[in-house]
2 protein chains.
Amino acid sequence: MAGKAKGRKARNGGGEITMSDIARHAGVSPMTVSRALSDPASVSDKMRRKVDAAVRQFGYLPNRIAGSLSSKRSNVIGLVVPSVRNSLYAAMIHAISDVARANGLHVMIANSGHRLEDEEALVSALLAQRVCGLVLHNTAHSKRLRELLARTDIPVVETGNLPAKPIDMAVSYSNFDAARAMTGHLGRLGYKRIGFVTLPLRDNDRSRERRRGYFAALKELGLPADPGLVLEAPGGFAEGADALVRLVQTHPDIDACFFAGDVLAVGALFECQRRGWAVPGRIAIASFDDLDLLRHTVPTVTTLRIPRQDIGRRSAELLVNRLRGASPQKVRIDVGFEIVQREST
Amino acid sequence: MAGKAKGRKARNGGGEITMSDIARHAGVSPMTVSRALSDPASVSDKMRRKVDAAVRQFGYLPNRIAGSLSSKRSNVIGLVVPSVRNSLYAAMIHAISDVARANGLHVMIANSGHRLEDEEALVSALLAQRVCGLVLHNTAHSKRLRELLARTDIPVVETGNLPAKPIDMAVSYSNFDAARAMTGHLGRLGYKRIGFVTLPLRDNDRSRERRRGYFAALKELGLPADPGLVLEAPGGFAEGADALVRLVQTHPDIDACFFAGDVLAVGALFECQRRGWAVPGRIAIASFDDLDLLRHTVPTVTTLRIPRQDIGRRSAELLVNRLRGASPQKVRIDVGFEIVQREST
DNA sequence: CCGTTCTGTGGTATCGCTACCAACCTATAG
DNA sequence: CTATAGGTTGGTAGCGATACCACAGAACGG
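Note that this is a predicted model, so its numbers are computed, not measured. (Residues numbered from 1 in each chain as written. Chains lettered and ligands numbered in written order. Predicted model: local features only at pLDDT ≥ 70, side-chain atom pairs only at ≥ 80, totals over all residues. Heavy atoms only, no water.)

**Focus on the protein's contact with DNA strand C**
Here comes step 1: Inspection of the region around DNA strand C gives 28 residues, with A:Met19, A:Ser34, A:Tyr60, A:Arg73 and B:Thr32 positioned closest.
Here comes step 2: Taking the atoms of DNA strand C that fall within 4 Å of the protein, sugar and phosphate contribute 65% of them.
Here comes step 3: A:Ser70 is positioned with one of its side-chain polar atoms (N or O) 2.7 Å from a sugar or linking oxygen of DNA strand C.
Here comes step 4: Of all the secondary-structure elements, those providing two or more residues to the surface near DNA strand C are helix 2 (30-38) and helix 4 (64-71) of chain A together with helix 2 (30-38) and helix 4 (64-71) of chain B.
Here comes step 5: Per-element accounting of the surface near DNA strand C gives the leading share, 4 residues, to helix 4 of chain A.
Here comes step 6: Counted by class, the surface near DNA strand C contains 11 nonpolar, 11 polar and 6 charged residues. (Near = heavy atom within 4 Å. Polar contact = N/O pair within 3.5 Å; in protein donor to acceptor, adjacent residues only side chain to side chain. Helix = DSSP H or I, 4+ residues; strand = E, 2+ residues; numbered from the N terminus. Nonpolar A, V, L, I, M, F, W, Y, C, P; charged D, E, K, R; others polar.)

Quick look at the structure:
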């Protein structure tokens, strides 16, 4: 029998409590410990009790690294977002993290900073960590990253935009449709000279799609497309304020402005407060993304409600289903969006 | 010689490309591949070139799970925050994530939702994943978690408050000092009836410390401590607005209010805008934490600047130093804070 | 010219766990 | 009472990497 023999001393100076230690003290085999912990139903009550007692006594924590190596299954999801600091992504991260936890998974997070090369490096690193699934908040990847992802066999969810040809699965809304809808909404409210402020377009297909949507709507409305009414600005309160002022100065006849990103609209609104410009009297303001803030400003701000949380939840659920054995079929979920008409327009 | 022999078929159906595969194709031993990848300086140029070529040719990604098991070193930091969704923590997460990346580490993130039992479960899970270090945004742990952390030998950084007796290392500001300083500041500006709105106190030593600081300052100012001037509110715009209104109704003589948390102050400010109450004419408003937003509202809001990003950066740096071999000595860093006087007071 | 140090390389033995198969034991039926 | 099935348990052999030691050849001094 196995007994206490084998007299292994190993180079392990008694550092880690292992499954064998628990097994020895519980008077069962290591395999039984393994089963008692990972699939309690598969061992008898008696055994399970013995194992549980020993586990508690020693405060044993199974080594998941060893477990993952042996089973060739990891329980970590990789997540790459442009910026953790942004509250929009934060909502998504939160939802993913909740679903993950409910399913015994962990989340490894990485910031791409909107840089495609960084995204590539980060995904490589996550794959080296052998994550069991990936969520990427980006759909415009570098060529090498596409190749890398095509070769891997773990499930991948892209989000942030609806790609024409998803690598694997995609959960998002259409930036084009959303921007087009909001611009159309402004047009139907009677605004004739609608400005558009966008986040940087470089390396960001979401921004570009939104601009495309804006122009498409203008065309449908029969309004002239004036490139001078479009401004590119980094995200931020001050940048939004600045953009608004510049547009009003160069185009005094502007009567509405659609801020397609981040906190630009709020910055602009505050600027109006400072200057005493009536909103929407002097100029109407519309925003992208339903920040909680927009519901409380004076006036409240018309915006697009993007179900960020749903996106996170459903992305994670898709991964979980795949891990549970669902057949790998391309999925492309459009979660839609909603126009929230408030006081600012 | 090793040759191509060994004819191993294994149960591995040829799934993963291993170091041995690379070694075979590069005509070197697996050990040389390992060294070429983890410590390039230790192999000759010739070998390194051969290895690099094979690595590139096959798009080989080393299996860090196997590496970690073998070396008993992981390269993942565990991070537990009350809520990913909160922009304050987000700044910290971002900084940690940057430092981690610069040092070849990854970040595994978990939400405790301000629940101590959850914190305990999450830390256990992270330890089972054999993270190489921990950052906890909380200092009031459950008894069992304290015991667990005392037994572990990985470095741990606590933050969010300055604990009297850190488990290992701590990087934070003092919630007590900060709240005391701001209340004192309001007193010295001449306000006599200073209200205080706090986040929930349960399971949150940070909130409790802030309230203690508020009362301590009142005492120092020689102002009466009126429990009716203290209100507990969940974080949020609406809650801040509501708290302000209630305080003004029950205490019409109130002339200032210190909102010790989240977006409460901003909600209150918007409520004043709606009601046409002059700020600080009718009532002064002060906030905790220098949200970008507070610099742009009308009026701008007096607040405490907490160097959240520094906290994250320094926490991560402490971990990294320890991992690089620094001797395990208790560290307790007070990053301080700063009062930012603006228009609202 | 030989012993010694230094550098670079390879072989072997794990790391702690799980997959797989074999063995066993109790039920149930024939 | 034996044959078959079903449910538990244990032993063995890896998972893919690294630590450690051994060794070969280059570099060096006396």
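From this point on, the discussion continues.
**Some details on the protein's contact with DNA strand D**
Here comes step 1: Every one of the 29 residues lining DNA strand D counts as a neighbour, but A:Thr32, B:Met19, B:Ser34, B:Tyr60 and B:Arg73 are closest to it.
Here comes step 2: Sugar plus phosphate: this is where 67% of the atoms of DNA strand D within 4 Å of the protein reside.
Here comes step 3: In the environment of DNA strand D, a phosphate oxygen lies 2.4 Å from a nitrogen or oxygen atom belonging to the side chain of A:Thr32.
Here comes step 4: B:Tyr60 has a polar side-chain atom sitting 2.4 Å from a phosphate oxygen of DNA strand D.

**Some details on the sheet that holds strand 6 (residues 194-198) of chain B**
Residues and elements named next belong to chain B.
Here comes step 1: Spatial strand order, 7-6-8-9-10-12: 6 strands in an open sheet with mixed pairing. Each edge of the sheet is formed by a strand with only one pairing partner; in this case those strands are strand 7 (230-232) and strand 12 (338-340). For this sheet, the mean inter-axis angle between neighbouring strands, taken without regard to orientation, is 20°.
Here comes step 2: Note that strand 9 (residues 284-288) and strand 10 (residues 302-305) share 3 bridges and pair parallel. Opposite Phe 288, over in strand 10, you have Leu 304 as the bridge partner.
Here comes step 3: The strands touched by helix 9 (residues 205-221) within the sheet are strand 6, strand 7, strand 8 (256-260) and strand 9, with strand 6 carrying the most contacts at an inclination of about 170°.
Here comes step 4: Sheet contacts for helix 10 (residues 237-250): strand 6, strand 7 and strand 8; angle to strand 8, the most-contacted strand, approximately 145°. (Pairing = 2+ DSSP bridges. Axes fitted to C-alpha atoms, helices over the stretch in contact; angles between N-to-C directions. Contact = heavy atoms within 4.5 Å.)

**Re the relation of the copies chain B and chain A**
Here comes step 1: Once turned by 180° and shifted 0.0 Å along the axis, chain B lies on chain A with an RMSD of 0.0 Å. Put plainly, the chains are arranged around a two-fold axis. Rotation axis and chain B: the residue whose C-alpha lies nearest the axis is B:Met108, separated from it by 2.2 Å.
Here comes step 2: The share of interface residues of chain B whose copies in chain A are also at the interface is 100%, consistent with both copies meeting through the same surface. (Least-squares fit on C-alpha atoms with pLDDT ≥ 70 in both.)

**Topic: the packing of helix 10 (residues 237-250) of chain A against helix 11 (residues 264-275) of chain A**
Residue and element names in this part refer to chain A.
Here comes step 1: Where helix 10 contacts helix 11, the axes come no closer than 6 Å and their chain directions differ by 60°. On the basis of the axis angle, helix 10 is oblique to helix 11. Remark: the crossing between helix 10 and helix 11 carries right-handed chirality. Facing Phe 237, Glu 239, Gly 240, Ala 241, Leu 244 and Val 245 of helix 10, the residues of helix 11 in contact are Leu 264, Val 266, Gly 267, Ala 268, Phe 270, Glu 271, Cys 272, Arg 274 and Arg 275.
Here comes step 2: Here the contact of helix 10 with helix 11 is built from residues that sort into 9 nonpolar, 2 polar and 4 charged. (Parallel < 35°, antiparallel > 145°, perpendicular 65-115°, else oblique. Left-handed = near helix turned anticlockwise from the far one by under 90°.)

**Considerations on unusual backbone geometry**
Here comes step 1: Between A:Val298 and A:Pro299 the backbone carries a cis peptide bond, its omega angle lying at 0°.
Here comes step 2: Mapped onto the fold, A:Pro299 is located in the loop between strand 9 (284-288) and strand 10 (302-305).
Here comes step 3: The phi dihedral of B:His114 is positive, around 65°, even though this residue is not glycine.
Here comes step 4: If you trace the backbone, B:His114 turns up in the loop between strand 2 (106-111) and helix 6 (116-128).
Here comes step 5: With a relative accessible area of 36%, B:His114 lands in the partly exposed category.
Here comes step 6: Located in the positive-phi region is B:Asp203, a residue other than glycine, with phi close to 55°.
Here comes step 7: With respect to the secondary-structure elements, B:Asp203 resides in the loop between strand 6 and helix 9.
Here comes step 8: The exposure class of B:Asp203 is partly exposed, given its relative accessible area of 21%. (Buried < 20%, exposed > 50% of the residue type's maximum accessible area, 1.4 Å probe, protein only.)

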